[in-house]
Amino acid sequence: MDYQRVFTQAIDRLHAEGRYRVFIDILRNKGMFPNARCFAGHNGPKPITVWCSNDYLAMGQHPKVIAAMEEALHDVGAGSGGTRNIGGNTHYHVDLEGELADLHGKEGALLFTSGYVSNEATLSTLAKILPGCIIFSDELNHASMIAGIRNSGCEKRVFRHNDVEHLEELLAAEDPEAPKLIAFESVYSMDGDIAPLHAICDLADKYNALTYLDEVHAVGMYGPRGGGISERDEAASRITIIEGTLGKAFGVMGGYIAADKMIIDVIRSYAPGFIFTTSLSPVLVAGVLAAVRHLKSSSEERDGQQAAAARLKAMFAEAGLPVMRSVTHIVPLMVGDPVKAKRISDILLAEYGVYVQPINYPTVPRGTERLRFTPGPAHSEEMMRELTDALVEIWDRLDMRAAA
Ligand SMILES: Cc1ncc(COP(=O)(O)O)c(C=O)c1O
C-alpha cells in the first residue's frame, strides 16, 4: 500500500471540490470583542473584526468570567488531575452540575469535556441500555448526535427536518412496545430555524418515546434565564434529556446533559466518554459557573444579541444580499458554491479585515454553501454598516447579483 499516495489523494479531493479547510490564525483582544488580530500574511498581526464566533454573547471575555477563572487558577491550580471517579471530581464540578440542573428544572446534570462528547456518549450509552431501542433522528442533526446513534448500534429512523407528520408516520410504523427515543435540536445553527418542541413532545407522549434535545445553540441565549428554547417555550419538563455546550454562549468549554436523577446515574455509570477521560479543568468550570450564574439573572446580553441580529438581517435585506430566512440570532448568507464562498471569505479578510468562515459540505448540504454571521451584543451599527458595504462591493465585483 502506498500510504502517502492515498493520503495525498484524500486531501486533493477536498481541494478539487473547493472545500479544503484553512484555519485562520487569530488572537482576540480581551475586553474588545469582536476585535482581534490576524496572523495571516507577512505584514505582522493585522486588526480584524470577528463575525463568525460562537462565543455568541462575548461571555468568554466577561470580567466576571475572567475573575472567576483567575481566582480558581490561583486557588486550586490548573488541571483537575483525573477522571471524575479518580481524583478529578472537584467542588467546582459539583456546583456547576447543580447550577445546570436548576437552569433546566431537572433533578440532575452531568458534565462532559465538550458538547460533542456529551451527545456521543449519552446517545450511544442510552440506546445500548434500552434493548431494541429505535432512535428517531432529525435529518439535520449534528455530527455528534449521528456519531452517538451510530455507535449505539441501534435501529435508526431519520425524519425530514422539523417535519412532525413524517416523524409520526415513522413512529406509528414501529412496534408500540419497542423503546423509542426522539433526538433533535432546538436551534439549528446553520439555518437558524427552531424545532416545534411541543408538537414533538406530543408525539413522544402518544407513542411513549423518550426525548433528547440538543440546545447547544440556544442555552444562555433563549428563555428568561438562558435555559434555551425549552425554557422559552415552557417545554423543559416535557423533554427527557436536555443537552448543551459550555463553549458557545457560556463562553468557555465543555458540555453537559440535564435529566432526572436515574438517567444521570445511568450515564455517569456506563458512558465510556464520561468515565474514561480526565474531567474538565476546575479553572474552566469556575469560568462557566460565573457565566451561567450571570446569564440566569441578566438579559442584557440576550437582548443585545437579538437586536444586533435583527439589525444585520434588515441591512442585508435592504442591500439586496441573499440573506436566508432565520428566526434566530444566526444570519446566514446564501452563496451556493464552495469556491465562491471561500473566495468571498478570503477577500473579506484580506481587504476588509472581516473574518467570516465559509460553511461547506458536510456541515451543510452541497449547493447550499454559505457565509454564516453571528452578530452579538458587541457588534456596533458602524461595524454592521461596514460589513454590508463590503459585501455589496464584493457581490458586484464577482457578478453575484446576476447569478442570484
Ligand atoms: C448542534 C451541535 N451540537 C453539539 C455541538 C458540539 O458542541 P461542542 O462544540 O461543545 O463540542 C455543536 C458544535 O458546533 C453543535 O453545533
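Residues numbered from 1 in each chain as written. Predicted model: local features only at pLDDT ≥ 70, side-chain atom pairs only at ≥ 80, totals over all residues. Heavy atoms only, no water.

**Student:** Help me out: how do you make sense of the overall build of the chain in this one?
**Tutor:** From N to C terminus, the chain includes 15 helices and 16 strands. Relative to the globule expectation of 22 Å for 404 residues, the C-alpha radius of gyration of the chain, 22 Å, shows essentially globular dimensions. When the 404 residues of the chain are sorted by exposure, 54% land in the buried category. For the chain, restricting intrachain contacts to residue pairs at least 6 apart in sequence, the fraction spanning at least 24 positions comes to 70%. Accessible surface, the chain as shown: approximately 17,900 Å² in total, 54% of it carbon and sulfur. The chain carries 39 positive and 52 negative side-chain charges, and their two centres are separated by 3 Å. (Helix = DSSP H or I, 4+ residues; strand = E, 2+ residues; numbered from the N terminus. Rg over C-alpha atoms; globule rule 2.2 N^0.38 Å. Buried < 20%, exposed > 50% of the residue type's maximum accessible area, 1.4 Å probe, protein only. Contact = heavy atoms within 4.5 Å. Areas by Shrake-Rupley, 256 points an atom, 1.4 Å probe, with all protein chains shown as cover. Lys, Arg positive; Asp, Glu negative; His and termini not counted. Charge placed at Lys NZ, Arg CZ, Asp CG, Glu CD.)

**Student:** Would you explain the packing of aromatic side chains in this entry?
**Tutor:** Centre distance and the angle of the planes are the two values used to describe a pair of aromatic rings. Tallied over the entire structure, the rule returns three aromatic pairs. Measuring from ring centre to ring centre gives 5.3 Å for Phe-316 and Phe-373, while their planes differ by 75°; the resulting arrangement is edge-to-face. Within this pair, whereas Phe-316 is found in helix H12 (residues 300-318), its partner Phe-373 is found in strand S16 (residues 370-373), the two being separated by 57 residues in sequence. Of the two residues examined, Phe-316 and Phe-373, each falls in the buried class. Here a set of aromatic residues connected by ring pairs shows up, and it is made of Trp-51, Phe-316 and Phe-373. Stacked on the ring of Tyr-361, the Lys or Arg Arg-366 has its end atom at 3.9 Å from the ring centre. (Phe/Tyr/Trp six-rings, centres within 6.5 Å; stacked < 30°, edge-to-face > 60°. Lys NZ or Arg CZ within 6 Å of the ring centre and 35° of its normal.)

**Student:** Hey, could you run me through the layout of surface pockets in this one?
**Tutor:** Of the pockets and cavities examined, the second largest pocket occupies roughly 210 Å³. Looking at the lining of the second largest pocket, the element that brings in the most residues is H12, giving three residues. Its residues assigned to classes, the lining of the second largest pocket comprises eight nonpolar, four polar and two charged. (1 Å grid on protein atoms, 1.4 Å probe; cavity = no way out; pocket = protein on both sides within 12 Å on 5 of 7 lines; lining within 4 Å. Points joined across faces, edges and corners; volume = space filled by probe spheres on them. Nonpolar A, V, L, I, M, F, W, Y, C, P; charged D, E, K, R; others polar.)

**Student:** In this structure, what is going on with the packing of helix H2 (residues 63-76) against helix H11 (residues 282-297)? I would like to understand it.
**Tutor:** Any two packed helices are characterised by how steeply their axes cross, that is the angle between the axes, and by the distance between the axes. For the pair H2 and H11, the least separation of the axes is 8 Å and the interaxial angle reads 150°. Compared by their axis directions, H2 and H11 come out roughly antiparallel. The way H2 lies across H11 gives a crossing that is right-handed. Contact residues: Lys-64, Val-65, Ala-68, Met-69, Ala-72, Leu-73 and Val-76 in H2; Pro-282, Val-283, Leu-284, Ala-286, Gly-287, Ala-290, Ala-291 and His-294 in H11. (Axes fitted to C-alpha atoms, helices over the stretch in contact; angles between N-to-C directions. Parallel < 35°, antiparallel > 145°, perpendicular 65-115°, else oblique. Left-handed = near helix turned anticlockwise from the far one by under 90°.)

**Student:** Any chance you could explain the sheet that holds strand S3 (residues 46-50) here in plain terms?
**Tutor:** Sheet strands line up and pair through hydrogen bonds in the backbone, either parallel or antiparallel. Taken in spatial order, the four strands make up an open sheet running S1-S2-S3-S14, and their pairing is mixed. Strand pairing shows two members of the sheet lacking a second neighbour, strand S1 (26-28) and strand S14 (354-355), which therefore form its edges. Here S1 runs beside strand S2 (residues 35-38); their pairing, made up of three bridges, is antiparallel. Looking across to S2, one finds that Leu-27 is bridged to Arg-37. (Pairing = 2+ DSSP bridges.)

**Student:** So what exactly am I meant to see when it comes to the site of the ligand here?
**Tutor:** With respect to spatial proximity, 13 residues lie near the ligand, and among them Gly-115, Tyr-116, Asp-214, His-217 and Thr-245 are the closest. The contact in question runs from a nitrogen atom of the ligand to an N or O atom on the side chain of Asp-214, over 2.6 Å. His-217 has a polar side-chain atom sitting 2.6 Å from an oxygen atom of the ligand. Counting residues per element, the shell around the ligand draws most heavily on helix H4 (residues 115-129), at three residues. Looking at the shell around the ligand, its residues break down into two nonpolar, eight polar and three charged. (Near = heavy atom within 4 Å. Polar contact = N/O pair within 3.5 Å; in protein donor to acceptor, adjacent residues only side chain to side chain.)

**Student:** Explanation requested: the pattern of salt bridges in the structure shown.
**Tutor:** It is possible for side chains of opposite charge to pair when their charged atoms get near one another. Going through the model one piece at a time under the given rule, you end up with 24 salt bridges. One salt bridge connects Arg-238 with Asp-202, and the closest N-O pair in it is separated by 2.7 Å. One end of the pair, Arg-238, is in the loop between helix H8 (229-232) and strand S11 (241-245); the other, Asp-202, is in helix H7 (residues 197-206), and 36 residues separate them in sequence. Classification of Arg-238 as partly exposed rests on a relative accessible area of 26%. The class for Asp-202 is partly exposed, based on a relative accessible area of 44%. Taken together, the salt bridges that share partners define one network made up of Glu-99, Asp-102, Arg-225, Glu-231, Arg-293 and Lys-296. (Salt bridge = Lys/Arg side-chain N within 4 Å of Asp/Glu carboxyl O.)

**Student:** What exactly am I supposed to notice about the pairing of S11 here?
**Tutor:** Within a regular beta strand, the side chains point alternately toward one face of the sheet and then the other, so they alternate between its two faces. Where burial is concerned, most of S11 is hidden: five out of the five residues are buried. Alternating positions in S11 separate into two faces, Ile-241, Glu-243 and Thr-245 on one and Ile-242 and Gly-244 on the other, with burial throughout. Summarising the sheet, strand S10 (residues 210-214) and S11 pair through three bridges and their orientation is parallel. Bridge pairing in S11 links Tyr-212 to Ile-241. Summarising the sheet, S11 and strand S12 (residues 255-259) pair through four bridges and their orientation is antiparallel. Considered in S12, the bridge of Thr-245 is made with Gly-255.

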